[in-house]
Amino acid sequence: MQTMQTMQTLPGRHDLADRVARFQREVFPAKAELFDRLAEVHRPSTLFIGCSDARVVPELITQSEPGELFVVRTAGNLVPAHAPGVDGVAASIEYAVAVLGITDIVVCGHSGCGAMTALAEGADLSGAASVAGWLRHADASVARTAGGAGPERLSALVRENVRAQLANLATHPSVARARAAGTLTLHGWVYDIRSGGVTEVGPTAAA
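Residues numbered from 1 in each chain as written. Predicted model: local features only at pLDDT ≥ 70, side-chain atom pairs only at ≥ 80, totals over all residues. Heavy atoms only, no water.

### Structural notes on the nonpolar core
Here comes step 1: Membership of the largest hydrophobic core comes to 33 residues, with the highest contact counts inside it found for Leu 47, Ile 49, Ile 93, Ile 105, Met 116 and Leu 169.
Here comes step 2: Listing elements by their share of this core, those giving two or more residues are strand S1 (46-51), strand S2 (69-74), helix H5 (88-99), strand S3 (104-110), helix H6 (114-120), helix H9 (150-170), helix H10 (173-180) and strand S4 (185-191).
Here comes step 3: If you tally residues by element for this core, the top one is H9, at six residues.
Here comes step 4: With near-sequence residues (within four places) excluded, Ile 105 lies in contact with Leu 47, Ile 49, Val 97, Leu 169, Val 175, Leu 184, Thr 185, Leu 186 and His 187. (Core = buried A, V, L, I, M, F, W, Y, C linked by side-chain atoms within 4.5 Å. Buried < 20%, exposed > 50% of the residue type's maximum accessible area, 1.4 Å probe, protein only. Helix = DSSP H or I, 4+ residues; strand = E, 2+ residues; numbered from the N terminus. Contact = heavy atoms within 4.5 Å.)

### As for the pattern of salt bridges
Here comes step 1: Per the stated rule, a full pass over the model turns up six salt bridges.
Here comes step 2: For Glu 65, the salt bridge is made with Lys 31, and the minimal N-O distance between the two is 2.9 Å. Taken together, the residues Glu 65 in the loop between helix H4 (58-62) and S2 and Lys 31 in the loop between helix H2 (16-30) and helix H3 (32-38) connect sequence positions 34 residues apart.
Here comes step 3: Note on Glu 65: relative accessible area 32%, which makes it partly exposed.
Here comes step 4: Several salt bridges share partner residues, and in doing so they unite Arg 22, Arg 25 and Glu 26 into one network. (Salt bridge = Lys/Arg side-chain N within 4 Å of Asp/Glu carboxyl O.)

### Considering H5
Here comes step 1: The terminal C-alpha atoms of H5 lie 15 Å apart, and with twelve residues this matches the ideal 16 Å at 1.5 Å per residue to within 8%.
Here comes step 2: Burial in H5 covers these residues: Val 89, Ala 90, Ile 93, Ala 96 and Val 97. For H5, the angular spread of the buried residues around the axis is 135°, confining them to a single face. The exposed residues of H5 that point more than 90 degrees off its buried face are Gly 88, Ala 98 and Val 99. (Expected span 1.5 Å × (residues − 1). Arc of directions from axis to C-beta.)

### Looking at the sheet that holds S2
Here comes step 1: Taken together, five strands build an open sheet; the order of strands is S2-S1-S3-S4-S5 and the sheet is mixed. The sheet is open, and its two borders are formed by S2 and strand S5 (198-200), each paired with just one other strand. Averaged over neighbouring strand pairs, the angle between their axes works out to 25° when direction is ignored.
Here comes step 2: Pairing geometry for S3 and S4, over seven bridges, is parallel. For Asp 104, the partnering residue across the bridge sits in S4 and is Thr 185. (Pairing = 2+ DSSP bridges. Axes fitted to C-alpha atoms, helices over the stretch in contact; angles between N-to-C directions.)

### Overview of a nonpolar patch on the surface
Here comes step 1: Among the surface-exposed residues, Phe 23, Val 27 and Phe 28 lie close enough to one another that they form a single nonpolar patch of about 230 Å² accessible area.
Here comes step 2: Tracing the backbone through its elements, the reader meets Val 27 in helix H2.
Here comes step 3: On the basis of relative accessibility, which here comes to 38%, the residue Val 27 falls in the partly exposed class. (Patch = residues over 30% accessible without salt bridge, like charges linked within 9 Å, V, L, I, M, F, W, Y side chains within 5 Å. Areas by Shrake-Rupley, 256 points an atom, 1.4 Å probe, with all protein chains shown as cover.)

### Regarding unusual backbone geometry
Here comes step 1: One non-glycine residue, Gln 63, lies in the positive phi region at around 50°.
Here comes step 2: Tracing the sequence through the fold places Gln 63 in the loop between H4 and S2.
Here comes step 3: Gln 63 gets classed as exposed once you look at its relative accessible area, which sits at 62%.
Here comes step 4: Unlike most non-glycine residues, Asn 77 shows phi in positive territory, near 45°.
Here comes step 5: Structurally, Asn 77 is set in the loop between S2 and H5.

Here it is, written out as C-alpha cells:
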C-alpha cells in the first residue's frame, strides 16, 4: 500500500498507479501461465545492451516476451572495457554470460542519441562532470569520426560507437571465454526512431 501511495504522488502527465492497476487487471491475467513459469525460471537467451533513452524500448523493438531478454541500459549504450575493480555494467555482463548462459549479445545504438549528439557537437559538459566522465568511453568513436560534420557526423558517430562498444565488450573475460568456446555471438544494431528500422553494424576487426 505504501508503494502505491508513493506512485500516486509521482508528477507527470500519466498516472502510473492507474497503469499498474490496468496491468494487474487486464495484462497479467492473459499471461498468468507465463508469469507462473517465470516465477521459478529465469533463462533469457539474449543480453541486450541499449541506451537509457526512454524512446528506445528493447522488448518493444524485438517483440520479446518477459523473460526473453536480459537488459542493460546506459547513457549512450556505452560498455566500459574490462578493468579491475567494481563495475555494475561488467557485473551484469558477467552474470548474463557466465551464470545465465546467454548465447547472444546485442549492442544497440539509435538515431538522435543525446549522448552522441553532445559529443558530435562538442557540447559544454562542465556542469555535468559525471556525464562528461562517462562519455569518455566513446573517445575512440569520436576520434574515428573527427573529420565529419552535421547530421552525417552524428549518424557516423552512432555507428562507430556501436562498433567501439562491441570491441570493449570483447575485452571482458567471460565474453572472451564464451566466444572462444563458440557459445556466444556479438551483434551491433542501430535503431532508427522515426522509421522503426534496425540496421546491422559489423564489429571492428579487433572485436
